[in-house]
Amino acid sequence: MRYLLFSILIFPSLALAEKNIHGDHADHNAQHGHEGHVAMDYVGGTSSELDVPRFDEFVSDQKGNQIAVVSVSGMVCDFCARGIEKTFQKDAGFKKIDVDLDTGKVLIAYASSTEIINEEIEKKILSNGQTVTDIQILTAQ
Amino acid sequence: MVFSDKMRDAAYYHYSPSYKYSLGIELVEEKQAMKNHANFRYTYLLNRKNTQNSQRNLYFQSSLSAGGNDEYSYGFLGDWETRRYFIGFGAQELKSNLRDYEKQFVQIGFAPYLGDYGDLHSWLMIKSKHDSLTDKWNTYPTIKFFKGDYLLEFGVDENDEPDIHFMIRF
């Protein structure tokens, strides 16, 4: 009985796997078709660590706002990373957040007038169980 | 978190004042003894190693029952995971006036695809558990799904007993 149930349960998973593989191709094609100038200008030498199209999309409606690009280690699980989003949503001046599990980057948009304190970001990430390895503060243009 | 197997049904609520420890209360229905009781649980993170692509954890876990019989337990839980692979283990001593016994488990798994943040994530796993009362290892497949703040793990063991975990993050 358990193997029958397992077989029934496994099919949606494998179907999703196939969908995801095709999705990867679509993303890959999208990257080729995307200039990514905005992100390249912002992050200079570290742009190779970012998913540039993803970054561009994130900042597309954040003109003039500050973007914290936070490199995080130990961020390997979506469910575990949920706390990061919940924690930063409470911040004054918070606009939006994106978590990229592939690159280990958390993007946080703050209002331009917000004072961003790196140590506070490090504490918040640590309180969720992960470790900050780098923070860059950029301004979306 | 809601948990169910052949021995017990349990609902567990916990609060983590810091990432280092959590305090919780577990409401347990013992199926064989046909009684209900509450456990107060304390979990402490002994060691964590974060790398770019992995996380490793070792926890101390203990509980004290409010149901009489001087029931308490202590043990260790550990895991190592990447986005693709998972290995976990646990060992627990359970003590009471009625009986003492031990439980152990090991679990390995892999993710057949790597979903993005917010997607439905799936894990295919093999779990093997042992208790000193039966002195047998019980090995069976489980499947774990999570999406957003919800996690469901489901399996059926060698005795055709369901093993279910359901978790909500508040």
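Sequence positions are assigned chain by chain, starting from 1 and proceeding in written order. Each chain gets a letter, beginning with A, and each ligand a number, beginning with 1, in the order they are written. At least 70 in pLDDT is required for a residue's local features to be given in this predicted model, at least 80 for side-chain atom pairs to be given and counted, and no such filter applies to totals for whole chains, interfaces and linings, which use all residues. The side-chain numbers reported here are obtained from all heavy atoms of the structure, hydrogens and water having been left aside.

## Digging into the overall build of chain A
The helix and strand tally for chain A stands at five helices and four strands. Numbering of helices and strands runs from the N terminus; a helix is a DSSP stretch of H or I covering at least four residues, while a strand is a stretch of E covering at least two. Sequence-ordered secondary structure for chain A, helices as α and strands as β, is α-α-α-β-α-β-β-α-β. Throughout, a residue-residue contact means that at least one pair of heavy atoms, one from each residue, lies within 4.5 Å. Looking at chain A alone, contacts between residues at least 24 apart form 63% of all its contacts between residues at least 6 apart. Per element, the accessible surface of chain A, about 7,400 Å² overall, is 53% carbon and sulfur. Per-residue and other accessible areas follow the Shrake-Rupley method at a 1.4 Å probe size, with only the shown protein chains counted as cover for residues.

## Re the environment of A:Thr87
Here A:Thr87 shows up in helix α4 (residues 78-89). Within the structure, A:Thr87 has its side chain in polar contact with the backbone oxygen of A:Gly83 (distance 2.7 Å). Distance and chemistry together define a polar contact, namely a pair of N or O atoms within 3.5 Å, with one atom able to donate a hydrogen and the other to accept it when in protein, and with adjacent residues in sequence counting only for side-chain atoms on both sides.

## Topic: the pairing of strand β6 (residues 72-81) of chain B
All names here are of chain B. Two elements, strand β5 (residues 55-65) and β6, share 10 bridges in a ladder whose sense is antiparallel. For glutamine 55, the partnering residue across the bridge sits in β6 and is glutamate 81. When DSSP locates at least two bridges between a pair of strands, those strands are taken to pair. Between β5 and the antiparallel strand that follows it, β6, lie six residues; glycine 68 among them carries a positive phi value of about 85°. Note that β6 and strand β7 (residues 85-95) share 10 bridges and pair antiparallel. Residue pairing across strands places glycine 75 opposite glutamine 92, the latter belonging to β7.

## Some words on the confidence of the model for chain A
Residues and elements named next belong to chain A. Each residue carries a pLDDT value, the predictor's own confidence for that position, ranging from 0 to 100. Mean pLDDT over chain A works out to 76, with 66% of the residues at or above the 70 mark. When mean pLDDT is taken per element in chain A, strand β3 (residues 105-110) scores highest with 96 and helix α2 (residues 37-43) scores lowest with 40. With pLDDT under 50 throughout, residues 18-48 is counted as low confidence; its partners more than four residues away or in other chains account for 27 contacts.

## Digging into the interface of chain A and chain B
Tallying the contact residues gives 37 residues for chain A and 42 residues for chain B. Here chain A packs against chain B, burying approximately 3,400 Å² in sum over the two surfaces, 60% of which is carbon and sulfur. In what follows, salt bridge is the name for a side-chain nitrogen of Lys or Arg lying within 4 Å of a carboxyl oxygen of Asp or Glu. Taken together, chain A and chain B are joined by three salt bridges. Close ionic contact of A:Arg54 with B:Asp116 constitutes a salt bridge, the shortest N to O distance being 2.9 Å. At the junction of chain A and chain B, the tally comes to 13 residue pairs in polar contact (both at pLDDT 80 or more). Looking at the side of chain A that touches chain B, the elements that each hand over two or more residues are α1 (2-32), β1 (66-73), α4 and α5 (118-127) of chain A. A 1.4 Å probe defines the accessible area here, and the buried area is the portion of it lost by two parts on being joined, summed over both.

## Let's talk about the environment of B:Tyr140
Residue and element names in this part refer to chain B. Inspection of the secondary structure puts tyrosine 140 in strand β10 (residues 136-147). A simple rule labels every residue: compare its accessible area, found with a 1.4 Å probe on the protein chains alone, to the largest value its type can have, and call it buried under 20%, exposed over 50%, or partly exposed in between. Look at tyrosine 140 and you get buried, because its relative accessible area is 1%. Distance from tyrosine 140 to serine 128, taken between C-alpha atoms, is 6.4 Å for residues 12 residues apart in sequence. A distance of 2.3 Å separates the side chain of tyrosine 140 from the side chain of aspartate 163, its partner in a polar contact.

## Details of the pattern of salt bridges
Residue and element names in this part refer to chain A. Inspection of the entire model under this criterion finds 14 salt bridges over all chains. Close ionic contact of glutamate 85 with arginine 82 constitutes a salt bridge, the shortest N to O distance being 3.8 Å. Of this pair, glutamate 85 and arginine 82 both sit in helix α4, separated by three residues, roughly a single helical turn. A relative accessible area of 11% means that arginine 82 is categorised as buried.

## Structural notes on the nonpolar core
All names here are of chain A. Counting 20 residues, the largest nonpolar core has Val70, Met75, Ile84, Phe88, Val106, Ile108 and Ile121 as the members making the most contacts within it. Listed by contribution, the elements that provide at least two residues to this core are β1, α4, β2 (94-100), β3, α5 and β4 (131-139). Beyond its immediate stretch of four places on either side in the chain, valine 106 contacts Ala68, Val69, Val70, Val72, Met75, Ile84, Ile97, Asp98 and Val99. In this structure, Phe55, Val59, Val69 and Leu107 belong to the second largest nonpolar core, which totals 10 residues. Take the buried Ala, Val, Leu, Ile, Met, Phe, Trp, Tyr and Cys residues and link them wherever side-chain atoms come within 4.5 Å; each set so joined is a nonpolar core.

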